[in-house]
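The residues making up each chain are set out below.
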Amino acid sequence: MGDSNTTTSIADYLAQLLKDKKQLAAFPSVFLHVERLLDEEINKVRSSLFQINGGQKEPLSLPEPVGPTVTLSDKVYVPVKDHPEFNFVGRILGPRGMTAKQLEQETGCKIMVRGKGSMRDKKKEEQNRGKPNWEHLNEDLHVLISVEDSENRAKMKIQRALEEIRKLLVPSADGEDELKKRQLMELAIINGTYRDSSSKNPGRLYLPIILFC
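Along each chain, residue indices are assigned from 1 in the same order as the chain's sequence is written. The predicted nature of this model means local features are confined to residues of pLDDT at least 70 and side-chain atom pairs, given and counted, to a pLDDT of 80 or more, with totals for whole chains, interfaces and linings taken over all residues. Values reported for side chains reflect all heavy atoms of the structure, with hydrogen atoms and water molecules removed beforehand.

**Student:** How should I be thinking about the overall build of the protein in this particular structure?
**Tutor:** In this text, helices come from DSSP runs of H or I with a minimum length of four residues, and strands from runs of E with a minimum of two, each type numbered from the N-terminal end. Along the backbone of the protein there are seven helices and three strands. Secondary structure elements of the protein occur, N-terminal to C-terminal, as α-α-β-α-α-β-α-β-α-α. Between buried and exposed lies partly exposed: a residue is buried under 20% and exposed over 50% of the maximum accessible area for its type, with that area taken using a 1.4 Å probe on protein chains only. Within the protein, the fraction of its 213 residues that count as buried is 36%. Counting contacts in the protein only where the partners sit at least 6 residues apart, residues at least 24 apart contribute 72% of the total. For every accessible area listed, the method is Shrake-Rupley and the probe measures 1.4 Å; residues are considered covered only by the protein chains on display. A total of about 13100 Å² of accessible surface is found on the protein, and carbon and sulfur atoms cover 54% of it. Any pair of residues with heavy atoms lying within 4.5 Å of one another is described as a contacting pair.

**Student:** It is not clear to me how the sheet that holds strand β1 (residues 69-77) should be interpreted in this structure. Could you clarify?
**Tutor:** Two modes of strand pairing occur in sheets, parallel and antiparallel, and in both the strands are linked by backbone hydrogen bonds. Paired strands are those between which DSSP finds at least two bridges. Strand order in the open sheet formed by three strands is β1-β3-β2, and the pairing between neighbours is antiparallel. With one partner strand each, in any of the chains shown, β1 and β2 (110-114) form the two edges of the open sheet. Recorded for the sheet is a direction-independent mean angle of 20 degrees between the axes of neighbouring strands. Taken together, the nine bridges between β1 and strand β3 (residues 142-150) define a ladder with antiparallel strand orientation. What sits directly across from T69, in β3, is S150. Sheet strands in contact with helix α6 (residues 151-168) are β1, β2 and β3, and its direction is about 155 degrees off that of β3. Only C-alpha atoms enter the line fits that serve as axes; for helices the fit covers just the stretch in contact. Angles between N-to-C directions range over 0 to 180 degrees.

**Student:** I keep staring at helix α7 (residues 178-191) and nothing clicks. Help me out?
**Tutor:** Helix span is expected to be 1.5 Å times the residue number reduced by one. Here α7 is 14 residues long and its end C-alpha atoms lie 20 Å apart, about the 20 Å a rise of 1.5 Å per residue gives. The set of residues buried in α7 consists of L179, K181, Q183, M185, E186, A188 and I189. Positive backbone phi, at 75 degrees, marks G192, one or two positions downstream of α7.

**Student:** Quick question: what am I supposed to make of the packing of aromatic side chains here?
**Tutor:** To describe a pair of aromatic rings, one takes the distance between the centres and the angle between the planes. Pairs were defined over the aromatic rings of Phe, Tyr and Trp, the Trp ring being its six-membered one, requiring ring centres within 6.5 Å. Orientation was assigned from the angle between planes: stacked under 30 degrees, edge-to-face over 60, tilted for the rest. All chains considered together, the criterion is met by two aromatic pairs. Taken together, a centroid distance of 6.1 Å and an interplanar angle of 75 degrees make the contact between F27 and F31 edge-to-face.

**Student:** Got a minute to help me understand unusual backbone geometry in this structure?
**Tutor:** A negative phi angle characterises most non-glycine residues, just as the trans form characterises most peptide bonds. Phi angles above zero are rare outside glycine, and S29 is one such case at about 60 degrees. Judged by its relative accessible area of 60%, S29 is exposed. Here N133, not a glycine, exhibits a phi torsion of approximately 75 degrees, which is positive. Along the chain, N133 falls in the loop between α5 (122-128) and β3. Given the relative accessible area of 69%, N133 is considered exposed.

**Student:** Would you take a moment to explain the nonpolar core for this structure?
**Tutor:** Across soluble globular proteins, nonpolar side chains have a tendency to be buried as a group. Throughout this description, the term nonpolar core refers to a set of buried Ala, Val, Leu, Ile, Met, Phe, Trp, Tyr and Cys residues connected via side-chain atoms within 4.5 Å. V76, V78, I92, V143, I145, I165 and L169 are the most contacted members of the largest nonpolar core, which totals 21 residues. Secondary-structure elements contributing two or more residues to this core are α3 (88-93), β2, β3 and α6. Top element by residues in this core is α6. It accounts for six residues.

**Student:** Hey, could you run me through a nonpolar patch on the surface in this one?
**Tutor:** Taken together, the side chains of F27, V30, F31 and V34 define a hydrophobic patch exposed on the protein surface, amounting to about 360 Å² of accessible area. Assignment of secondary structure puts V34 in helix α2 (residues 32-49). For V34, a relative accessible area of 42% puts it in the partly exposed group. To count toward a patch, a residue needs a relative accessible area above 30% and no salt bridge. Like charges then connect within 9 Å, nonpolar side chains (Val, Leu, Ile, Met, Phe, Trp, Tyr) within 5 Å. Basic side-chain nitrogens of Lys or Arg form a salt bridge, by our definition, when they fall within 4 Å of a carboxyl oxygen of Asp or Glu.

Next comes the structure, spelled out in C-alpha coordinates:
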(Lines give C-alpha, C1' and ligand atoms only; values in the text may rest on other atoms or scores of the structure.)
Protein backbone atom coordinates (compact mmCIF):
# COMPACT_ATOMS: atom_id res chain seq x y z
CA MET A 1 0.00 0.00 0.00
CA GLY A 2 2.88 2.31 0.81
CA ASP A 3 4.33 1.79 -2.68
CA SER A 4 0.95 2.65 -4.20
CA ASN A 5 0.73 5.85 -2.15
CA THR A 6 4.28 6.82 -3.11
CA THR A 7 3.61 6.20 -6.79
CA THR A 8 0.42 8.26 -6.63
CA SER A 9 2.22 11.13 -4.87
CA ILE A 10 4.98 11.19 -7.48
CA ALA A 11 2.38 11.06 -10.27
CA ASP A 12 0.54 13.98 -8.66
CA TYR A 13 3.79 15.96 -8.57
CA LEU A 14 4.58 15.17 -12.22
CA ALA A 15 1.07 16.21 -13.26
CA GLN A 16 1.55 19.55 -11.46
CA LEU A 17 4.95 20.08 -13.09
CA LEU A 18 3.45 19.51 -16.54
CA LYS A 19 0.67 21.99 -15.74
CA ASP A 20 3.32 24.53 -14.75
CA LYS A 21 5.18 23.92 -18.00
CA LYS A 22 1.99 24.43 -20.00
CA GLN A 23 1.37 27.75 -18.21
CA LEU A 24 4.97 28.84 -18.83
CA ALA A 25 4.45 28.21 -22.56
CA ALA A 26 2.27 31.33 -22.58
CA PHE A 27 5.46 33.35 -21.94
CA PRO A 28 7.96 32.07 -24.52
CA SER A 29 11.60 33.09 -24.03
CA VAL A 30 10.76 35.03 -20.87
CA PHE A 31 11.64 32.61 -18.05
CA LEU A 32 14.46 30.71 -19.74
CA HIS A 33 16.18 29.53 -16.55
CA VAL A 34 12.88 28.54 -14.98
CA GLU A 35 12.00 26.52 -18.11
CA ARG A 36 15.35 24.74 -18.01
CA LEU A 37 15.05 23.92 -14.31
CA LEU A 38 11.48 22.76 -14.81
CA ASP A 39 12.50 20.46 -17.67
CA GLU A 40 15.29 18.99 -15.54
CA GLU A 41 12.88 18.34 -12.69
CA ILE A 42 10.31 16.76 -15.03
CA ASN A 43 12.97 14.43 -16.45
CA LYS A 44 14.15 13.49 -12.96
CA VAL A 45 10.62 12.77 -11.72
CA ARG A 46 9.76 10.81 -14.88
CA SER A 47 12.84 8.69 -14.40
CA SER A 48 11.87 8.01 -10.79
CA LEU A 49 8.24 7.19 -11.57
CA PHE A 50 8.65 5.22 -14.77
CA GLN A 51 11.48 2.82 -14.05
CA ILE A 52 11.26 0.81 -17.24
CA ASN A 53 12.24 -2.65 -16.01
CA GLY A 54 11.61 -2.18 -12.30
CA GLY A 55 13.95 -1.04 -9.58
CA GLN A 56 16.42 1.81 -9.47
CA LYS A 57 19.24 1.17 -11.91
CA GLU A 58 22.76 2.37 -11.36
CA PRO A 59 23.88 4.76 -14.10
CA LEU A 60 26.51 3.44 -16.47
CA SER A 61 29.99 3.96 -15.10
CA LEU A 62 32.01 4.64 -18.22
CA PRO A 63 35.81 4.67 -18.48
CA GLU A 64 37.79 7.42 -20.14
CA PRO A 65 37.53 7.17 -23.96
CA VAL A 66 40.33 5.27 -25.68
CA GLY A 67 40.91 5.65 -29.40
CA PRO A 68 38.81 7.24 -32.15
CA THR A 69 35.02 7.46 -32.24
CA VAL A 70 33.35 4.44 -33.82
CA THR A 71 29.77 3.57 -34.69
CA LEU A 72 28.43 0.26 -33.38
CA SER A 73 25.00 -1.24 -33.97
CA ASP A 74 23.12 -4.39 -33.08
CA LYS A 75 19.64 -5.83 -33.58
CA VAL A 76 17.26 -7.61 -31.26
CA TYR A 77 14.50 -9.49 -33.05
CA VAL A 78 11.01 -9.26 -31.55
CA PRO A 79 9.31 -12.63 -30.79
CA VAL A 80 6.09 -11.80 -32.67
CA LYS A 81 5.73 -15.38 -33.96
CA ASP A 82 5.67 -16.71 -30.40
CA HIS A 83 3.34 -13.96 -29.16
CA PRO A 84 1.37 -12.68 -32.20
CA GLU A 85 -1.23 -10.80 -30.14
CA PHE A 86 1.19 -8.93 -27.88
CA ASN A 87 1.80 -5.23 -28.62
CA PHE A 88 5.59 -5.21 -28.50
CA VAL A 89 5.91 -1.97 -30.50
CA GLY A 90 3.74 -0.04 -28.03
CA ARG A 91 5.61 -1.55 -25.09
CA ILE A 92 9.02 -0.55 -26.45
CA LEU A 93 8.05 2.95 -27.62
CA GLY A 94 5.63 3.91 -24.83
CA PRO A 95 3.31 6.94 -24.85
CA ARG A 96 4.54 9.54 -27.35
CA GLY A 97 7.74 7.47 -27.64
CA MET A 98 8.69 8.31 -24.04
CA THR A 99 9.76 4.77 -23.01
CA ALA A 100 12.21 4.55 -25.91
CA LYS A 101 13.47 8.08 -25.19
CA GLN A 102 14.09 7.17 -21.56
CA LEU A 103 16.01 4.07 -22.65
CA GLU A 104 18.11 6.27 -24.92
CA GLN A 105 18.90 8.58 -22.00
CA GLU A 106 19.81 5.67 -19.73
CA THR A 107 22.01 3.85 -22.24
CA GLY A 108 23.40 6.60 -24.47
CA CYS A 109 22.24 4.64 -27.54
CA LYS A 110 19.80 5.42 -30.33
CA ILE A 111 16.89 2.97 -30.26
CA MET A 112 14.57 2.43 -33.22
CA VAL A 113 11.88 -0.15 -33.98
CA ARG A 114 12.30 -1.45 -37.52
CA GLY A 115 11.00 -4.21 -39.79
CA LYS A 116 7.57 -5.59 -40.68
CA GLY A 117 4.89 -4.15 -38.43
CA SER A 118 7.05 -1.31 -37.12
CA MET A 119 4.88 1.45 -38.61
CA ARG A 120 1.57 2.46 -37.08
CA ASP A 121 0.10 3.21 -40.51
CA LYS A 122 -0.01 -0.23 -42.15
CA LYS A 123 -1.11 1.19 -45.52
CA LYS A 124 1.87 3.56 -45.57
CA GLU A 125 4.13 0.67 -44.58
CA GLU A 126 2.98 -1.33 -47.61
CA GLN A 127 3.47 1.70 -49.85
CA ASN A 128 7.04 2.21 -48.61
CA ARG A 129 8.06 -1.45 -48.79
CA GLY A 130 10.75 -1.91 -51.42
CA LYS A 131 11.55 1.79 -51.73
CA PRO A 132 15.07 3.18 -51.13
CA ASN A 133 15.84 3.75 -47.42
CA TRP A 134 12.94 1.48 -46.45
CA GLU A 135 14.74 -1.84 -46.96
CA HIS A 136 14.27 -2.68 -43.27
CA LEU A 137 10.54 -3.26 -43.91
CA ASN A 138 11.49 -6.53 -45.64
CA GLU A 139 13.04 -7.81 -42.42
CA ASP A 140 11.32 -9.34 -39.41
CA LEU A 141 10.31 -6.90 -36.66
CA HIS A 142 13.36 -5.89 -34.63
CA VAL A 143 14.87 -3.20 -32.45
CA LEU A 144 17.90 -1.47 -33.97
CA ILE A 145 20.39 -0.15 -31.42
CA SER A 146 23.23 2.15 -32.48
CA VAL A 147 25.81 4.24 -30.67
CA GLU A 148 28.73 6.54 -31.45
CA ASP A 149 31.60 6.70 -28.97
CA SER A 150 35.09 5.38 -28.44
CA GLU A 151 35.03 1.60 -28.87
CA ASN A 152 35.57 0.80 -25.19
CA ARG A 153 32.64 3.01 -24.14
CA ALA A 154 30.39 2.12 -27.10
CA LYS A 155 30.56 -1.61 -26.27
CA MET A 156 29.44 -0.95 -22.69
CA LYS A 157 26.56 1.28 -23.80
CA ILE A 158 25.29 -1.15 -26.42
CA GLN A 159 25.50 -4.07 -23.98
CA ARG A 160 23.36 -2.16 -21.46
CA ALA A 161 20.81 -1.33 -24.17
CA LEU A 162 20.65 -4.97 -25.32
CA GLU A 163 19.96 -6.11 -21.75
CA GLU A 164 17.16 -3.57 -21.24
CA ILE A 165 15.50 -4.29 -24.61
CA ARG A 166 15.54 -8.06 -24.01
CA LYS A 167 13.74 -7.52 -20.71
CA LEU A 168 11.03 -5.56 -22.53
CA LEU A 169 10.51 -8.44 -24.95
CA VAL A 170 9.28 -10.80 -22.22
CA PRO A 171 5.47 -10.48 -22.23
CA SER A 172 3.60 -10.10 -18.94
CA ALA A 173 0.09 -11.34 -18.30
CA ASP A 174 -2.70 -8.75 -18.34
CA GLY A 175 -3.13 -7.27 -14.88
CA GLU A 176 0.47 -8.12 -13.96
CA ASP A 177 2.28 -5.81 -16.38
CA GLU A 178 3.57 -2.99 -14.18
CA LEU A 179 5.22 -1.23 -17.12
CA LYS A 180 1.93 -1.11 -19.04
CA LYS A 181 0.15 0.33 -15.98
CA ARG A 182 2.75 3.06 -15.66
CA GLN A 183 2.69 3.78 -19.39
CA LEU A 184 -1.10 4.25 -19.18
CA MET A 185 -0.63 6.52 -16.17
CA GLU A 186 1.97 8.55 -18.07
CA LEU A 187 -0.31 8.83 -21.09
CA ALA A 188 -3.11 10.15 -18.87
CA ILE A 189 -0.74 12.68 -17.28
CA ILE A 190 0.50 13.84 -20.70
CA ASN A 191 -3.07 14.14 -22.02
CA GLY A 192 -4.23 16.00 -18.92
CA THR A 193 -6.80 13.30 -18.05
CA TYR A 194 -5.03 12.13 -14.90
CA ARG A 195 -6.83 13.30 -11.75
CA ASP A 196 -4.35 13.98 -8.97
CA SER A 197 -5.31 13.21 -5.38
CA SER A 198 -5.71 16.90 -4.51
CA SER A 199 -8.24 17.55 -7.27
CA LYS A 200 -11.75 18.34 -6.09
CA ASN A 201 -13.21 18.66 -9.57
CA PRO A 202 -15.50 15.67 -10.09
CA GLY A 203 -15.83 16.45 -13.78
CA ARG A 204 -12.21 15.60 -14.56
CA LEU A 205 -11.39 12.24 -16.07
CA TYR A 206 -9.26 9.82 -14.13
CA LEU A 207 -7.63 6.42 -14.49
CA PRO A 208 -9.06 3.32 -12.85
CA ILE A 209 -7.55 2.65 -9.44
CA ILE A 210 -5.97 -0.56 -10.79
CA LEU A 211 -3.29 1.58 -12.43
CA PHE A 212 -1.97 2.62 -9.02
CA CYS A 213 -2.04 -0.81 -7.38
